[in-house]
Amino acid sequence: MKIGLVGLPGGGKSTCFRLLSGQRAEPHGRDSQIAVVSVPDARTKRIYELCQPGRMVQPEVTFVDLLALHSGDSGAGEELQLVKVAGDADAFGIVVQCFGELDHRGQPLDTKSDLETVLLEMSLTDLTIVERRLRKLESKYGDLSQHDKWEQKVLSRCQQHLAGGQRLLDEEFTDEEEKLLRGFSLLTMKPLMAVFNVAEDDLDGDTAGEVCQLAEEQSLATIILCAELEDEIAQLPPAEQADFLADFGLSQPGRDRFIRTAYELLDVITFFTVNENEAHAWTISQGTTALQAAGRIHSDMASGFVRAEVVPFEALNEHGSMAGCREAGAVRLEGRDYPVQDGDILYIRFTR
Ligand SMILES: Nc1nc2c(ncn2[C@@H]2O[C@H](COP(=O)(O)OP(=O)(O)O)[C@@H](O)[C@H]2O)c(=O)[nH]1
Ligand SMILES: [Mg+2]
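For clarity, every value in this text was computed on a predicted model and none was experimentally measured.

Observations regarding the overall build of the protein
Then step 1. Scanning the protein from terminus to terminus reveals 14 helices and 12 strands.
Then step 2. The principal-axis extents of the C-alpha atoms in the protein amount to approximately 65 × 65 × 35 Å.
Then step 3. Going through the 352 residues of the protein one by one, you find that 48% of them count as buried.
Then step 4. Nonlocal contacts in the protein, meaning residues at least 24 apart in sequence, comprise 68% of its contacts between residues at least 6 apart.

Quick notes on the pairing of strand β8 (residues 268-274)
Then step 1. Among the 7 residues that make up β8, 7 are buried, leaving the element largely enclosed by the rest of the structure.
Then step 2. Where burial is concerned, the two faces of β8 agree: the one with V268, T270, F272 and V274 and the one with I269, F271 and T273 are both buried.
Then step 3. The pairing of β8 with strand β9 (residues 278-285) spans 7 bridges and is antiparallel. From the neighbouring strand, F271 faces β9, where its bridge partner is W282.
Then step 4. From the end of β8 to the start of β9, which pair antiparallel, there are 3 residues.

A look at a negative patch on the surface
Then step 1. A cluster of acidic residues, E200, D201, E228 and E232, forms a negative patch on the protein surface.
Then step 2. When you line up the elements, E232 lands in helix α8 (residues 227-234).

Side note on the sheet that holds strand β2 (residues 33-38)
Then step 1. Taken in spatial order, the 6 strands of this open sheet run β2-β4-β1-β5-β6-β7, and their pairing is mixed. Here the strands that pair on one side only, and so sit at the sheet edges, are β2 and β7 (221-225). When the angles between neighbouring strand axes are averaged without regard to direction, this sheet yields 25°.
Then step 2. The pairing of strand β1 (residues 2-6) with strand β5 (residues 91-98) spans 4 bridges and is classified as parallel. In the strand pairing of β5, V6 is matched with I94.
Then step 3. Sitting on the sheet, helix α7 (residues 209-217) is in contact with β5, β6 (192-198) and β7, with an inclination near 175° to β6.

Describing the site of ligand 1
Then step 1. In the region of ligand 1, 14 residues are neighbours, and G10, K13, T15, N197 and E228 sit closest.
Then step 2. Here an oxygen atom of ligand 1 sits 3.3 Å away from a polar atom, N or O, in the main chain of G11.
Then step 3. Residue T15 places a side-chain N or O atom 2.6 Å away from an oxygen atom belonging to ligand 1.
Then step 4. Protein contacts shield 67% of the accessible area of ligand 1, which totals 570 Å² for the unbound molecule.

Some words on the nonpolar core
Then step 1. V6, F92, I94, L115, M122, L181 and F196 are the most contacted members of the largest nonpolar core, which has 49 residues in total.
Then step 2. Those elements that provide at least two residues to this core are α3 (76-86), β5, α4 (111-138), α5 (146-163), α6 (175-182), β6, α7 and α8.
Then step 3. Here the element with the most residues in this core is α4; it accounts for 9 residues.
Then step 4. Excluding its chain neighbours within four sequence positions, the residues that come into contact with M122 are V6, F92, I94, L187, T188 and L192.
Then step 5. Counting residues in each nonpolar core, the second largest holds 24 residues, with L20, V61, L225 and A262 among its members.

Rules of the game
Residues numbered from 1 in each chain as written. Chains lettered and ligands numbered in written order. Predicted model: local features only at pLDDT ≥ 70, side-chain atom pairs only at ≥ 80, totals over all residues. Heavy atoms only, no water. Helix = DSSP H or I, 4+ residues; strand = E, 2+ residues; numbered from the N terminus. Buried < 20%, exposed > 50% of the residue type's maximum accessible area, 1.4 Å probe, protein only. Contact = heavy atoms within 4.5 Å. Pairing = 2+ DSSP bridges. Patch = residues over 30% accessible without salt bridge, like charges linked within 9 Å, V, L, I, M, F, W, Y side chains within 5 Å. Areas by Shrake-Rupley, 256 points an atom, 1.4 Å probe, with all protein chains shown as cover. Salt bridge = Lys/Arg side-chain N within 4 Å of Asp/Glu carboxyl O. Lys, Arg positive; Asp, Glu negative; His and termini not counted. Charge placed at Lys NZ, Arg CZ, Asp CG, Glu CD. Axes fitted to C-alpha atoms, helices over the stretch in contact; angles between N-to-C directions. Near = heavy atom within 4 Å. Polar contact = N/O pair within 3.5 Å; in protein donor to acceptor, adjacent residues only side chain to side chain. Core = buried A, V, L, I, M, F, W, Y, C linked by side-chain atoms within 4.5 Å.

Put into structure tokens, the structure is as follows:
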């Protein structure tokens, strides 16, 4: 799972990135920073303790601190650079400055307009990509194949939506059309979460009211946090963190809330595998079938798929071992179309 942080300069992207990744190094030059972060799931640890395999593999999320989007003055080249670095992101977090009086240009802060600007810039970036491809197709004049003509039709539709200020995520595409569009790594096809970066004395986000409403109208997931404060707390010794969070009336660390919001946004769940080598947590989309899950583990498991043995985590937790689950009749056999559930421990039976 990969999440790109975007937003106007000075909004707190790098501060959020530091909070999420724990990486303290300052970015050099204008490069994007990437961090792969483990997202410990307590269930993996419990499976590891019960089954005692060699090691434990926790789920990971990749965060990218992206180049700033500049309101109005960014060249197309810079935006396309963004696509190059973040085109394969699963989602974007738009960091919106909600602290202080002035924005990065020294103008009075206008959070709603800032979010609108970022959304617009993402649409315009996609429009640039779509129109460039359309021009290329047009330059073929009479030499257009059936496929080219179909592509032209799909892209013209995208062009219309984007020019009308709509995101492509909100449009209906057939599987085939989606496959075509995926090849262009369009930014507005990805789900978004708005990160309202509030001041330390406004942790409930009173200043974010209006922009929050806009985000909800646009079906964005939202999270309110003070990146700077959360980052300071995250650097404290673990034993002290809970007290500080409680002092500020925060129920959970910002990093955990951020990741949970991202999981909900992407509609992902976690399943597990365990053998003598490792207890492994895997992140998949809700609705993934047993066959697709098998493919995530190993392509051989998908091609030779026979059945999946399924033990819910709760059953293992209760019975204490896989053998215990078997005795208790807690192991189910499921076929290839079984939709994997959050917490399932899967053992794939396959032939080579
Ligand atoms: N008061 C306050 N300042 C913040 C907060 N988050 C970031 N900043 C400050 O805003 C400035 C820009 O933050 P940065 O993360 O570099 O923004 P970026 O340009 O989006 O990467 C820095 O001086 C930060 O210390 C916050 O939650 N509260
Ligand atoms: Mg930065």
